[in-house]
Amino acid sequence: MGAPNSDGLIRSRVVAGTDAELIQIRERGAAWPIFSPAGGDNDHDGQDLSYGGRRRVRPVPGDRVMTPILSFHGAAGCVTGSCARLQTQDATILIDCGMFQGSKTLKALNYGEFPFDPSQIDAVLLTHAHVDHCGLLPKLMLAGFEGPIYATAATRDLCAVMLADAGGIQEGEVAALNRRNQRRGLAPVEPIYTEADAARVMSQFRKVKLGEPVAIAPDLSAVYWEAGHILGSASIEVAVGPAGARKRLLFSGDLGAGGSDFVADPQGPEGVDHLILESTYGDRERTAVSGAARRAALAEELKAAYAAGGPLLIPAFALERSQELLVDILQLMEDGQAPRGDIFLDSPLAIEASKVFIERGWNPALQRNPFDPVRPSEHLRFLAKPWDSDGLERLSGWHVILAASGMCDAGRVRKHLKRLLWRKETTVLLCGFQAAGTLGRLLADGAPRVSIQGDEVRVRARVRQLDAYSAHADAVGLTRWALDRAPVAGSVLLAHGEPDSAAGLRDRLVAAGFDAEAILIPDLDDAFDLGEGRAVPRQPSPARLPPHAAAKLDWHNHRVAFQMALNAALDTARDDAAREALLRRLTAVVDAVDAPAVPDAPLRT
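Per-chain numbering applies: the sequence of each chain, read as written, is numbered from 1 onward. Totals for whole chains, interfaces and linings use all residues, but because this is a predicted model, local features are given only for residues with pLDDT of at least 70 and pairs of side-chain atoms are given and counted only at 80 or more. Excluding hydrogens and water, the side-chain figures rest on all heavy atoms present in the structure.

## Re the overall build of the protein chain
By definition, any uninterrupted DSSP run of H or I lasting at least four residues is a helix, any uninterrupted run of E lasting at least two residues is a strand, and each is numbered from the N terminus. Summing up its helical and strand segments, the protein chain has 15 helices and 25 strands in all. Whether a residue is buried, partly exposed or exposed follows from its accessible area with a 1.4 Å probe, protein chains only, as a fraction of its type maximum: under 20%, in between, or over 50%, in that order. Residue burial in the protein chain is summarised as follows: out of 605 residues, 56% are buried. Contacts are assigned to residue pairs with any non-hydrogen atoms lying within 4.5 Å of each other. The long-range fraction of contacts in the protein chain, counting pairs at least 24 apart against all pairs at least 6 apart in sequence, stands at 75%. Here the accessible surface of atoms and residues is derived via Shrake-Rupley with a 1.4 Å probe, and residues count as covered only by protein chains that are part of the display. Approximately 25,100 Å² of the protein chain is accessible, and the part contributed by carbon and sulfur atoms is 53%.

Rendered as structure tokens:
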């Protein structure tokens, strides 16, 4: 168990440790292949004709196909786990290799086998550094992938801190789990990958420049275009086939809204054969706001939080969102448009990422780096150490805390929510997309009680949402960007969106003039032949999840909701006799269920 089998796949089992995490067991001491670049550093300019420096001969030509095949192994039916596999006559590549986020059922996919042989992947083309796009790259390496990872310089630098942080978090959570397992007499487990694994995979990165062709393999090349999502983000145009018979595929990646003070507007080529388009906000319109209007909306939230008499807690994505919010909060306080107070950046990842933004964030249109103010100062404190974060518990009154993660499903923000949500003077400000099944989504939907790290917490705090800082284009922006890529000779495939969002964007595209029959919405692991004309669905592969399950609440969510409802019913029952009666009725229902035999070593603890 642990090392790749003859088919190149890792055989693993999944156990549950804490209520929030799932851990993959890898065989201790397993020997894993390490990529060794052949003659060259990581700073290739995109013209490396040795195709990433690889000099190995593929032993099994199992992935060679005459007609290109495109498979969606993530961000299909949901917004996370981005991973598309393109098989061609000359190579097999991935576009992104990200982590799933959301319900426990969805996150469990992070710990199972890849639905393909990682040793047969020739290269990865990476759109940007968010964990749902890059988070499984170390796992891919450990499973046998030896090829290059193509990314912009900023994406590469942000991945260095993002992946190291993810590995470190996994190690810390596994250490806590192993302490509990030791008391229970269970075997120790290991994380999917470690901080050291994350460092190793960085040697496989190859830098690319926007607008310059990159030779990936014979008759397969790529061009990266500005996506305007976060620093370093890109849409990727992939050309497949010999000259005169090439097909051009355009993967949008995550697209920005445009008009930002921090990143350039999204760009892209015209006239492609197939368009793979994100649909995160495909069914929603947001009022377009200028930088001044965005800051004015934030100022109102700051003033209202100050008036409430307690702290403002902002669950913030560590890359871009934290930095943008800090720039604006600092400016508003400096200009007297918001009450002054101490600001705490309580995220080691956001702290390290801020250094990359200061180094790489130069904006040619502005002729300055808008992120330059994001440095420790009299009012802005960086809390890198755990004990610094713990010290916030002693504060009262007005202050601002930015803590990851933005969806509230990991990181230090959970402990702050646990201690602050029940206080009516607290304000929680959500500033980004909240995936189904996450704690952030539950708060956004108005849940009166939530479970955090196994403890039930009543929500008395003010929970607010501010869409002005969304890094995603809305339905209007996505439609406009797609029209600018026209004509699309083949199909438009809508990915990276929950079902309602993708369906909403499909309707808008049809209204804008796209052929309804040419618009496809893939589900998880769906595959398509990219021959002449439109994409043709292939025979479905074995399903890892039921259809459309990726964006739904799962039984874990329903169990927690039931437990909280039961607690509330017991608390409000008229007397102990009523409580006993309720418990007897529920016990009878459970006793009537033909439950399976309890295993010696339960999978869920």
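## Concerning helix α8 (residues 348-360)
Each α-helix turn comprises 3.6 residues. Residues three or four places apart therefore point the same way. Expected helix span is computed as 1.5 Å times (number of residues minus one). Between its terminal C-alpha atoms α8 stretches 19 Å, which fits the 18 Å expected from 13 residues at 1.5 Å a residue. All of the buried residues in α8 are L349, A350, I351, A353, S354, V356 and F357. Residues of α8 that are buried sit in contact with α4 (153-184), α7 (321-334), β15 (343-345) and β16 (380-382).

## Here we look at helix α6 (residues 291-308)
Over its 18 residues, α6 runs 26 Å from end to end, which matches the ideal 26 Å to within 8%, given 1.5 Å per residue. Among the residues of α6, G291, R294, R295, L298, A299, E301, L302 and A305 are the ones counted as buried. Across the axial projection of α6, the buried residues extend over an arc of 165 degrees, all falling on one side. Exposed side chains of α6 directed beyond 90 degrees from the buried face belong to A292 and A307. Buried-residue contacts for α6 involve β14 (312-315), α7, β17 (400-403), β18 (427-430) and β21 (462-465). Where α6 ends, the next residue or the one after it, G309, has phi of about 95 degrees, a positive value. Directions pointing from the helix axis toward each C-beta atom define the arc.

## Here's the deal with the sheet that holds strand β3 (residues 69-72)
When DSSP finds at least two bridges between two strands, those strands are taken to pair. Here eight strands make up an open sheet; going across it, the order is β8-β7-β6-β5-β4-β3-β24-β25 and the pairing mixed. Where the open sheet ends on each side, the last strands, each with one partner, are β8 (205-208) and β25 (536-537). As judged from the two bridges shared by strand β24 (residues 527-529) and β25, these two strands associate in the antiparallel manner. Pairing of D529 across the sheet is with V536, part of β25. In the packing of α4 onto the sheet, contacts are made with β7 (149-152) and β8, and the angle to β7 comes to roughly 110 degrees. Angles here are taken between N-to-C directions and fall from 0 to 180 degrees, while the axes themselves are lines fitted to C-alpha atoms, restricted in helices to the stretch in contact.

## Considering the sheet that holds β15
The pairing of strands in a sheet happens through backbone hydrogen bonds and is either parallel or antiparallel. Read across the open sheet, the six strands follow the order β16-β15-β17-β14-β18-β21; overall the sheet is parallel. Of all strands in the sheet, those bounded by a partner on one side alone are β16 and β21. On average, adjacent strands in this sheet sit at an angle of 20 degrees to one another, irrespective of strand direction.

## Brief notes about the pattern of salt bridges
A pairing counts as a salt bridge when a side-chain nitrogen of Lys or Arg comes within 4 Å of a carboxyl oxygen of Asp or Glu. All chains considered together, the criterion is met by 31 salt bridges. Salt-bridge contacts for D197 lead to R200; the nearest nitrogen and oxygen are separated by 3.4 Å. With D197 and R200 both in helix α5 (residues 195-201), this residue pair falls three residues apart, about one helical turn. When its relative accessible area of 7% is taken as the criterion, D197 is described as buried. What makes R200 partly exposed here is its relative accessible area of 25%. Where D342 meets R381, a salt bridge forms, and the shortest distance between an N and an O atom there is 3.6 Å.

## Description of the pairing of strand β19 (residues 449-452)
Going residue by residue along β19, you find V450 and I452 tucked away on one face and R449 and S451 left uncovered on the opposite face. As paired elements, β19 and strand β20 (residues 455-458) share four bridges and run antiparallel to each other. Note that in β20 the partner of S451 across the bridge is E456. In sequence, β19 turns back onto β20 through a hairpin of two residues, with Q453 there showing a positive phi of about 55 degrees.

## So, the packing of helix α12 (residues 475-484) against helix α13 (residues 499-511)
Running from amino to carboxyl end, α12 crosses α13 at an angle of 50 degrees, the nearest separation of the two axes being 10 Å. As the angle between them shows, α12 and α13 are arranged oblique. Of the two possible hands of crossing, α12 and α13 adopt the one that is right-handed. Counting all contacts with α12, which are made through A475, V476, L478, T479 and A482, the residues of α13 involved are L505, R508 and L509. Gly is placed with the polar residues, together with every amino acid not listed as nonpolar (Ala, Val, Leu, Ile, Met, Phe, Trp, Tyr, Cys and Pro) or charged (Asp, Glu, Lys and Arg). Looking at side-chain class alone, the contact of α12 with α13 contains six nonpolar, one polar and one charged residues. Any angle from 65 to 115 degrees is called roughly perpendicular, while one under 35 is roughly parallel, one over 145 is roughly antiparallel, and all others are oblique. Whether a crossing is left-handed or right-handed is set by the direction in which the near helix is turned from the far one by less than a right angle, anticlockwise for left-handed and clockwise for right-handed.

## Quick word on the side chain of S405
Position of S405 among the secondary structure elements: in the loop between β17 and α10 (413-420). Residue classification places S405 among the buried positions, given a relative accessible area of 16%. If we skip the residues at most four places from it in the chain, S405 touches P315, A316, A410, G411 and V413.

## Here we look at the confidence of the model for the protein chain
Confidence scores labelled pLDDT are given residue by residue by the predictor and lie between 0 and 100. Residue-level pLDDT values for the protein chain average 86, and 87% of them are 70 or greater. Within the model, the stretch residues 1-61 combines pLDDT values under 50 with 170 contacts to residues more than four positions away or in other chains. Taken as a whole, residues 598-605 scores under 50 in pLDDT and shows 15 contacts with residues more than four places along the chain or in a different chain.

## Considering the pairing of strand β13 (residues 274-278)
For β13, the tally of buried residues reaches five of five residues, placing the bulk of the element in the interior. Because side chains alternate across β13, one face comprises the buried residues H274, I276 and E278, and the other comprises L275 and L277, equally buried. The pairing of strand β12 (residues 247-251) with β13 spans three bridges and is classified as parallel. By the bridge assignment, L249 is partnered in β13 with H274. Relative to strand β22 (residues 492-495), β13 runs parallel, the two being bridged by four bridges. Considered in β22, the bridge of E278 is made with A495.

## Let's talk about the packing of aromatic side chains
Two rings from Phe, Tyr or Trp (for Trp, the six-membered ring) form a pair when their centres sit within 6.5 Å of each other. Planes less than 30 degrees apart are called stacked, planes more than 60 degrees apart edge-to-face, and all others tilted. All told, the structure shown has six aromatic pairs when counted by the stated rule. When the ring of Y306 is compared with that of W398, the centres are 5.6 Å apart and the planes differ by 90 degrees; the resulting orientation is edge-to-face. Pair noted here: Y306 is in helix α6 and W398 is in the loop between α9 (386-390) and β17, with a separation of 92 residues, a long-range link. Accessibility expressed as a relative area gives 44% for Y306, which makes it partly exposed. Every member of this aromatic cluster is reached through a ring pair, and the members are F262, F357 and F371. Its guanidinium or amino end placed over the ring of F114, K139 lies 4.7 Å from that ring's centre, counting from NZ or CZ. For a Lys NZ or an Arg CZ to count as sitting over a ring, it must be within 6 Å of the ring centre and within 35 degrees of the ring normal. In this structure, R286 packs its charged tip against the face of Y281, placed 4.9 Å from the ring centre.

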